[in-house]
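As a plain string of letters, each chain reads:
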Amino acid sequence: MVVTPKREFWLISTMAASGINANAVEGGKGQLAYNLAGIALIILLLAVGVAYLVDQTARNMQRPMPSLLDEDPITQTVAGRELHIPTTWFRFGETIKPGFVSQIDLTFALPLAAGQQPTTVDVTLISRSAARASGALLDAVYLHQFADGSVSGIPGLVGKPLLAADGYADETVWYDPLSPAPFVAKCAAAPDPSRSDRCLRTIHLPNGLAAILSFDAEALVAWRQFDAELAQWLGKIGALDN
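Structural notes, computed from the coordinates. (Residues numbered from 1 in each chain as written. Predicted model: local features only at pLDDT ≥ 70, side-chain atom pairs only at ≥ 80, totals over all residues. Heavy atoms only, no water.)

1. Let's talk about the environment of proline 66
Secondary-structure assignment places proline 66 in the loop between α1 (6-60) and β1 (73-78). Contacts of proline 66, omitting those with residues within four sequence positions, involve Thr88, Trp89, Thr107, Phe108, Ala109 and Trp233. (Helix = DSSP H or I, 4+ residues; strand = E, 2+ residues; numbered from the N terminus. Contact = heavy atoms within 4.5 Å.)

2. Concerning the pairing of β1
Each regular strand shows side chains that alternate between the opposite faces of the sheet. With 6 bridges joining them, β1 and strand β2 (residues 81-86) adopt antiparallel strand pairing. Within β2, the position partnered with threonine 77 by the bridge is glutamate 82. With antiparallel pairing between neighbouring strands as the criterion, β1 and β2 make up a hairpin whose turn holds 2 residues, including alanine 79 at a positive phi of roughly 50°. Alignment of β1 against strand β3 (residues 99-100), held across 2 bridges, turns out to be parallel. Looking at β3, one finds that threonine 77 is bridged to phenylalanine 100. (Pairing = 2+ DSSP bridges.)

3. Concerning the packing of aromatic side chains
Counted by the stated rule, this structure contains 7 aromatic pairs. Here the aromatic rings of tryptophan 89 and tryptophan 233 are separated by 4.6 Å at their centres, their planes lie at 45°, and the arrangement is tilted. Of the two residues, tryptophan 89 is situated in the loop between β2 and β3 and tryptophan 233 in helix α3 (residues 223-237); the sequence distance between them amounts to 144 residues. Exposure remark for tryptophan 233: the relative accessible area of 2% places this residue in the buried category. Members of the aromatic cluster, connected to one another through ring pairs, are Phe183, Phe215, Trp223 and Phe226. (Phe/Tyr/Trp six-rings, centres within 6.5 Å; stacked < 30°, edge-to-face > 60°. Buried < 20%, exposed > 50% of the residue type's maximum accessible area, 1.4 Å probe, protein only.)

4. Details of the side chain of serine 134
If you trace the backbone, serine 134 turns up in helix α2 (residues 134-140). At 2.8 Å, the side chain of serine 134 and the backbone nitrogen of threonine 202 are in polar contact. (Polar contact = N/O pair within 3.5 Å; in protein donor to acceptor, adjacent residues only side chain to side chain.)

5. Looking at the state of the cysteines
Overall, the coordinates contain 1 disulfide when judged by the stated rule. Between cysteine 187 and cysteine 199 runs a disulfide, and the two sulfur atoms are separated by 2.0 Å. Here cysteine 187 and cysteine 199 share a disulfide; its torsion about the S-S bond, 100°, makes the bridge right-handed. Taken together, the positions of cysteine 187 in strand β8 (residues 184-188) and cysteine 199 in strand β9 (residues 198-204) put the pair 12 residues apart, joining distant regions of the chain. Considered together, cysteine 187 and cysteine 199 belong to a single accessibility category, that of buried residues. (Disulfide = S-S within 2.5 Å.)

6. Here we look at α3
For α3, built from 15 residues, the straight-helix expectation of 21 Å at 1.5 Å per residue is met to within 8% by its first-to-last C-alpha distance of 22 Å. Summarising the contacts, the buried residues of α3 are in contact with β2, β4 (104-110), β5 (119-127), β9 and β10 (209-216). One or two residues past the end of α3 sits glycine 238, with phi positive at roughly 90°. (Expected span 1.5 Å × (residues − 1).)

This is the structure:
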């Protein structure tokens, strides 16, 4: 029978124990990484769930469409004009407070077509000196940027595409050629074909204010009714008072 000396037996035992401990450490590291990956996955799933919940809550809490019958007005003063505006008309909640402001951002709902949903129009009211009217821009700017040809489709309006220069690519100006104070709107093609083209129009009001209007291009077909409907909303808040 072979007897292992005590010193050699101690070395063998120590080496074996070291191997076991190394394997245990490696196994522990692998288990830790696995646990961390699991935790990260759970956090990711929770984040996606929270984002979905927030999105659904926002959809469910959409503010009602503004109406001419809305009350509960607050008073804001822009360009020296006091306007009394229903709180449901404000486009951004953080601006619903009385006092002096440099601009007022509102949303109107114009009933431009009988039997159809009202057309949403974003309206920004600022000092008249801060914005040029679209009618003035027609002769001073747009006329010199017209490309060849024209676009049809809106009865009573001429559509002229703008040259793809100076930031006017994919934009069309629609205007009434028969009026000394023409309806003029500049419309930009939507980046996504599933969305509507968007039009911009600026008008000067008789009391030192300017109204910058933004709306979907589909509203152009009712351009003859546009200003009459708009005047009801502006008149309700005092934006047409001299």
